[in-house]
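Chains, contacts and geometry: an overview
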Amino acid sequence: MNARFLPGSGFGFSLSSTGLLLALVMALPAALPVSADDAGNALAQQVRDRPTGKDSVTAGSMVLLEPGHPPRLRRMRTYQLEQTPDEQWTLIRFSEPADIADTGLLTLDHVSGETDQWVYLPAVKKARRIPADRRGGNFVGSDLIYEDLRDRKIDQDVHTIVREEKLEGQLCKVLESVPVDKSNSEYSKRVSWIHPQTLVALKVDLYSGGEQPSKRMEVKKLQKLQGYWTVLELVVTDLKTQHSTRMLADQVQYDKGLSPTLFTQAVLEDPIQEASLAK
């Protein structure tokens with residue numbers, strides 16, 4: 001399963017796909033000269049090659065933090081399945097508090113690079129499709145937008161290793177990713193600091209057109225589970241408002257043998273059926 005940022009990857013993000021978990025080294029013949037773009041694209045390809053399990057189930061929480069206000073806690077469960085190396089399916093379901101219980105999000109990332117995404121709201125008892133032009137909408141009031149929860153293919157961006165820099169005492173490679181087509185992303189670029197041993201992005205700065213980042217994702221806790229390095233705590237901060245979202249993974253299980261039937265609109269609209277299929 002491709003590593004990306006996702007709640008709970010997500011945390012297995014997945015954070016993505018769209019790669020918040022990134023590979024650090026690429027074995028290239030020493031005699032072969034490589035341009036910066038070639039090296040960056042090769043590094044980004046390692047994101048997709050990094051083994052992170054065939055599927056995963058994560059029980060965790062989302063904490064919304066705003067200066068001057070008490071924290072708001074939400075409990076959630078995230079299911080992920082690698083249908084094929086280029087086809088990732090994700091189902092997110094909230095269980096607490098009562099005003100958000102049973103709310104869900106289904107994301108089907110296809111080989112073509114297209115994504116189908118539906119949100120289920122118990123109040124209307126029907127899943128609503130998220131159109132491509134709504135990818136910048138905030139997900140359940142958090143600092144995540146729908147694009148953050150979608151896969152992003154390697155060839156949709158130009159990847160460049162811009163420098164090496166120490167972060168948390170570790171010498172990281174700093175990877176800049178810029179969309180080939182500016183119209184297919186809410187971000188003008190992503191800059192990721194890659195940890196050399198665990199192959200995880202310790203920090204990702206996201207830009208929305210300006211010279212300064214508009215949002216930051218930072219790994220706070222990392223642990224190896226079932227042989228896979230797993231992000232157990234990640235903080236996403238809106239750098240303009242200082243509102244932040246803290247993602248916590250309390251329990252992660254890989255390679256459960258999840259049924260593809262779990263990742264359907266019918267199951268999204270039926271939490272009871274989900275619970276039955278997830279056993």
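Values in this document were obtained by computation on a predicted structure and should not be read as measured data.

**Points about the overall build of the chain**
Along the chain, the regular secondary structure elements total 3 helices and 13 strands. Looking at the chain as a whole, 52% of its 279 residues are labelled buried.

**Quick word on the environment of Val180**
Along the chain, Val180 turns up in the loop between β8 (170-179) and β9 (189-194). Not counting the four nearest positions on each side in its chain, Val180 is found in contact with Asp155, Gln156, Asp157 and Val158.

**Some words on the confidence of the model for the chain**
For the chain, per-residue confidence averages 84 on the pLDDT scale, and residues scoring 70 or more make up 87% of the total. Predicted confidence for residues 1-36 stays below pLDDT 50, and this span has 152 contacts to residues more than four positions away or in other chains.

**Some thoughts on the pairing of strand β12 (residues 228-238)**
Most of β12 is tucked away, with 9 of its 11 residues classed as buried. Pairing analysis gives 10 bridges linking strand β11 (residues 215-225) to β12, with the strands arranged antiparallel. Across the sheet, the residue bridging to Val219 is Leu234, located in β12. The loop that links β11 with its antiparallel partner β12 comprises 2 residues; one of these, Gln226, has a positive phi angle of about 50°. Hairpin connection from β12 to strand β13 (residues 244-254): 5 residues lie between these consecutive antiparallel strands, with Gln242 at a positive phi of about 65°.

**Quick word on unusual backbone geometry**
Cis geometry is adopted by the peptide bond preceding Pro97, which originates at Glu96 and carries an omega value of -5°. For Pro97, the position within the fold is in the loop between β3 (87-96) and β4 (104-109). Despite not being glycine, Gln242 has its phi angle at roughly 65°, a positive value. Its place among the elements puts Gln242 in the loop between β12 and β13.

**Re the side chain of Asp116**
As for its position among the elements, Asp116 is in strand β5 (residues 115-121). At 2.7 Å, the side chain of Asp116 and the side chain of His110 are in polar contact. Setting aside its immediate chain neighbours within four residues, Asp116 contacts Leu106, Thr107, Leu108, His110 and Arg129.

**Things to note about the pattern of salt bridges**
Within this structure, the stated rule accounts for 13 salt bridges. Between Asp116 and Arg129 there is a salt bridge whose closest N-O contact spans 2.2 Å. With Asp116 in strand β5 and Arg129 in strand β6 (residues 126-129), the pair connects residues that are 13 residues apart, well separated along the chain. Close ionic contact of Asp157 with Arg152 constitutes a salt bridge, the shortest N to O distance being 2.7 Å. Overall, the relative accessible area of 7% leaves Asp157 in the buried class. Under the relative-accessibility criterion, Arg152 is labelled buried at 9%. Through salt bridges with shared partners, a single network forms among Arg135, Glu147, Glu186 and Arg190.

**Re the nonpolar core**
Where a protein is soluble and globular, its nonpolar side chains tend to be buried together. Core analysis: the biggest nonpolar cluster contains 27 residues, and Met62, Ile92, Phe94, Leu105, Phe139, Leu144 and Met217 have the highest contact counts within it. Secondary structure elements with two or more residues in this core: β1 (55-65), β3, β10 (201-207), β11 and β12. Residues in contact with Phe94, not counting those within four places in the same chain, are Met62, Arg74, Arg75, Met76, Ile100, Ala101, Asp102, Thr103, Phe139 and Val140. In terms of nonpolar packing, the next biggest core, distinct from the first, is built from 15 residues, Tyr79, Leu81, Leu262 and Val267 among them.

**Digging into the environment of Pro97**
Note on Pro97: relative accessible area 33%, which makes it partly exposed. The sequence separation of Pro97 and Met76 amounts to 21 residues, and the corresponding C-alpha distance is 9.8 Å. Each residue touching Pro97, except ones within four places of it in the same chain, is listed here: Leu73 and Arg74.

**Brief notes about the packing of aromatic side chains**
Using the criterion set out here, one finds 4 aromatic pairs in the structure. With centroids separated by 6.3 Å and ring planes inclined at 50°, the aromatic side chains of Trp89 and Phe263 adopt a geometry described as tilted. Of this pair, Trp89 sits in strand β3 while Phe263 sits in the loop between β13 and α2 (265-268); the two residues are 174 residues apart in sequence, bridging distant segments of the chain. A single burial state applies to Trp89 and to Phe263, both of which are buried. Ring geometry for Phe139 against Tyr146: centres 5.9 Å apart, planes inclined by 65°, an arrangement best described as edge-to-face. One exposure class covers both Phe139 and Tyr146, and it is buried.

**Quick notes on the environment of Ser259**
Mapping Ser259 onto the fold places it in the loop between β13 and α2. Owing to a relative accessible area of 25%, Ser259 belongs among the partly exposed residues under this scheme. Taking C-alpha positions, Ser259 is 9.8 Å from Asp55, a pair spaced 204 residues apart along the chain.

Cut-offs and rules
- Residues numbered from 1 in each chain as written.
- Predicted model: local features only at pLDDT ≥ 70, side-chain atom pairs only at ≥ 80, totals over all residues.
- Heavy atoms only, no water.
- Helix = DSSP H or I, 4+ residues; strand = E, 2+ residues; numbered from the N terminus.
- Buried < 20%, exposed > 50% of the residue type's maximum accessible area, 1.4 Å probe, protein only.
- Contact = heavy atoms within 4.5 Å.
- pLDDT = per-residue confidence, 0-100.
- Pairing = 2+ DSSP bridges.
- Polar contact = N/O pair within 3.5 Å; in protein donor to acceptor, adjacent residues only side chain to side chain.
- Salt bridge = Lys/Arg side-chain N within 4 Å of Asp/Glu carboxyl O.
- Core = buried A, V, L, I, M, F, W, Y, C linked by side-chain atoms within 4.5 Å.
- Phe/Tyr/Trp six-rings, centres within 6.5 Å; stacked < 30°, edge-to-face > 60°.

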